[in-house]
Amino acid sequence: MSLVTIAELMPQAEREGYAIGAFNANNLEFVQAIVAAAENQRSPVIIQASQGAIKYAGLEQITAMVKTAAEKATVPVALHLDHGTDFNQVMRCIRTGFTSVMIDASKLPLAENIALVRRVVEVAHAVGVSVEAELGRIGGTEEHITVSEREAFFTDPEEAEAFVHATGVDTLAVAIGTAHGPYKGEPKLDFERLSEIRARVKIPIVLHGSSGVPDDAIRRAVALGVRKINIDTDLRQGFMARLREVMAEHPEEYDPRKLLGPARDALQKIIEYKMQVFGSAGRV
Ligand code: G3H
Ligand code: 13P
Ligand code: ZN
């Protein structure tokens, strides 16, 4: 089927109380593994490309790969821009065929964040594309900041309510204790804050930095209204671990397909498991 928007996927997820995985892809093997996992699990799925992915693979190439995979698929697939920061690039993604975009202006002062998100929403909605924004700062695990410094960037529930109202955004990424990249210890999520945000914000909530978050915490977040879960690091690590293993087992092998193929299979299994934890398996 053709690519769908995230806005089209959300009503069922809201009604039935599950989250949809948004998996980052940079190359063919990841796109194939993500779609194969969705097919196997009968799950809707979001494939997302970051600015880094676009730089690595090329905007047209990544779009074409995902579009082709989606057209052949019998489950719905959305193509989403992850952490777009530049208005013009967001427009180029929309024009190339992305069905959903994130405009991440969370580093800007609130009024500027609102103004940029509104501008994107106006154009994106005019052409039927969904928009995600971020309020608070999620950041990376590699940033050497203390817990209290990180907490200072957590999403404020009252501000979230006003932000959603002012921007008309479709989904909201929140800072509640997750971070991008591999965690050193176990991440502690602020579930109370998540409940407060959810009580005030009626649109679906997005959880970034979800790799390495224990399954129970993920399930709890889904029960509290998280409907899109971003996963990148777990996929990279799982793929590379299997690739290194196969390379060590077959040091003479020179056919990339014989090395990348098993890594792709391992990746597919990881994604299928995530779909079960998120509750999106068996919904199509
Ligand atoms: O949130 C960031 C994603 O993991 C994308 O990472 O910018 O290295 O492609 P990247
Ligand atoms: P992780 O790499 O920590 O899973 O984060 C992914 C993400 O939030 C992409 O936007
Ligand atoms: Zn993110």
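Everything that follows concerns the structure shown earlier in this document.
Now for a quick tour of the structure. (Residues numbered from 1 in each chain as written. Chains lettered and ligands numbered in written order. Predicted model: local features only at pLDDT ≥ 70, side-chain atom pairs only at ≥ 80, totals over all residues. Heavy atoms only, no water.)

This next bit is on the sheet that holds strand β5 (residues 130–135). Strand pairing in a sheet relies on backbone hydrogen bonds, with the paired strands running either antiparallel or parallel. Pairing is parallel in the closed barrel, where 8 strands are placed in the order β1-β2-β3-β4-β5-β6-β7-β8. If you compare each strand with its neighbour and ignore which way they point, the axes differ by 25 degrees on average. Pairing of β5 with strand β6 (residues 171–174) involves 4 bridges; the strand directions are parallel. If you follow L135 over to β6, its bridge partner there is V174. In this fold helix α1 (residues 6–16) packs onto β1 (20–24), β2 (45–50), β3 (77–84), β4 (100–103), β5, β6 and β8 (226–231), with an angle of close to 125 degrees to the strand it touches most, β8. (Pairing = 2+ DSSP bridges. Helix = DSSP H or I, 4+ residues; strand = E, 2+ residues; numbered from the N terminus. Axes fitted to C-alpha atoms, helices over the stretch in contact; angles between N-to-C directions. Contact = heavy atoms within 4.5 Å.)

The subject of this paragraph is the nonpolar core. With 81 residues, the main nonpolar core has F23, V101 and I271 as its most contacted residues. Counting 10 residues, the second-largest nonpolar core is a separate cluster that includes V4, L9, Y18 and I46. (Core = buried A, V, L, I, M, F, W, Y, C linked by side-chain atoms within 4.5 Å. Buried < 20%, exposed > 50% of the residue type's maximum accessible area, 1.4 Å probe, protein only.)

Surrounding the zinc ion (ligand 3) are the protein donor atoms H83 (NE2), H180 (NE2) and H208 (ND1), at 2.0 to 2.1 Å. Residue class for H208 comes out buried when judged on its relative accessible area of 1%. (Donors = N, O, S within 2.8 Å, 3.2 Å for Na, K, Ca; no water.)

Now for the site of ligand 2. Surrounding ligand 2, one finds 15 residues, the nearest of these being D82, G209, S211, D232 and T233. A distance of 3.2 Å separates an oxygen atom of ligand 2 from a polar side-chain atom of H83. One of the side-chain nitrogen or oxygen atoms of N230 is found 3.0 Å away from an oxygen atom of ligand 2. If ligand 2 stood free it would expose 310 Å²; the protein chains cover 96% of that surface. When residues of the shell around ligand 2 are traced back to their parent elements, those giving at least two are β3 and β8. Its residues assigned to classes, the shell around ligand 2 shows 2 nonpolar, 11 polar and 2 charged. (Near = heavy atom within 4 Å. Polar contact = N/O pair within 3.5 Å; in protein donor to acceptor, adjacent residues only side chain to side chain. Areas by Shrake-Rupley, 256 points an atom, 1.4 Å probe, with all protein chains shown as cover. Nonpolar A, V, L, I, M, F, W, Y, C, P; charged D, E, K, R; others polar.)

Enumeration over the complete set of coordinates arrives at 13 salt bridges. Of the charged contacts in the structure, one is a salt bridge between E14 and R227, with a shortest N-O distance of 3.3 Å. Here the residue E14 occupies a position in helix α1, and R227 occupies one in strand β8, the gap between them amounting to 213 residues. Given a relative accessible area of 5%, R227 falls into the buried group. The shortest N-O distance in the salt bridge between E161 and R200 comes to 2.7 Å. (Salt bridge = Lys/Arg side-chain N within 4 Å of Asp/Glu carboxyl O.)

Glancing now at the pairing of β1. Across the 5 residues that make up β1, a large majority, 5, are buried. By the alternation rule, side chains of β1 split into I20, A22 and N24 and G21 and F23, which are all buried. Strand direction decides the pairing type here: β1 and β8, joined by 4 bridges, are parallel. Within the sheet, the bridge partner assigned to I20 lies in β8 and is K228. Looking at chain direction, β1 and β2 are connected through 3 bridges and run parallel. Among the inter-strand pairings, N24 is bridged to a residue of β2, identified as Q48. A crossover links β1 with its parallel partner β2, the connecting element being helix α2 (residues 28–41), and its sense is right-handed. (Right-handed = clockwise from strand over helix to strand, strands pointing away.)

Every residue close to ligand 1 is listed here: N24, S50, D82, H83, H180, D232 and R236. Here H180 contributes a side-chain N or O atom positioned 3.3 Å from an oxygen atom of ligand 1. One of the side-chain N or O atoms of R236 is found 3.1 Å from an oxygen atom in ligand 1. Relative to its unbound accessible surface of 310 Å², ligand 1 loses 65% to contact with the protein. Residues that form the shell around ligand 1 fall into these classes: no nonpolar, 4 polar and 3 charged.

On to a negative patch on the surface. Negative charge collects at one region of the surface, where D156, E158, E159, E192 and E196 lie side by side. Within the residue set of the negative patch, elements represented by two or more residues are α8 (157–167) and α9 (191–200). The residue E196 is located in helix α9 in this model. Judged by its relative accessible area of 39%, E196 falls in the partly exposed class. (Patch = residues over 30% accessible without salt bridge, like charges linked within 9 Å, V, L, I, M, F, W, Y side chains within 5 Å. Lys, Arg positive; Asp, Glu negative; His and termini not counted. Charge placed at Lys NZ, Arg CZ, Asp CG, Glu CD.)

By themselves, these are just geometric observations and shouldn't be taken as functional.
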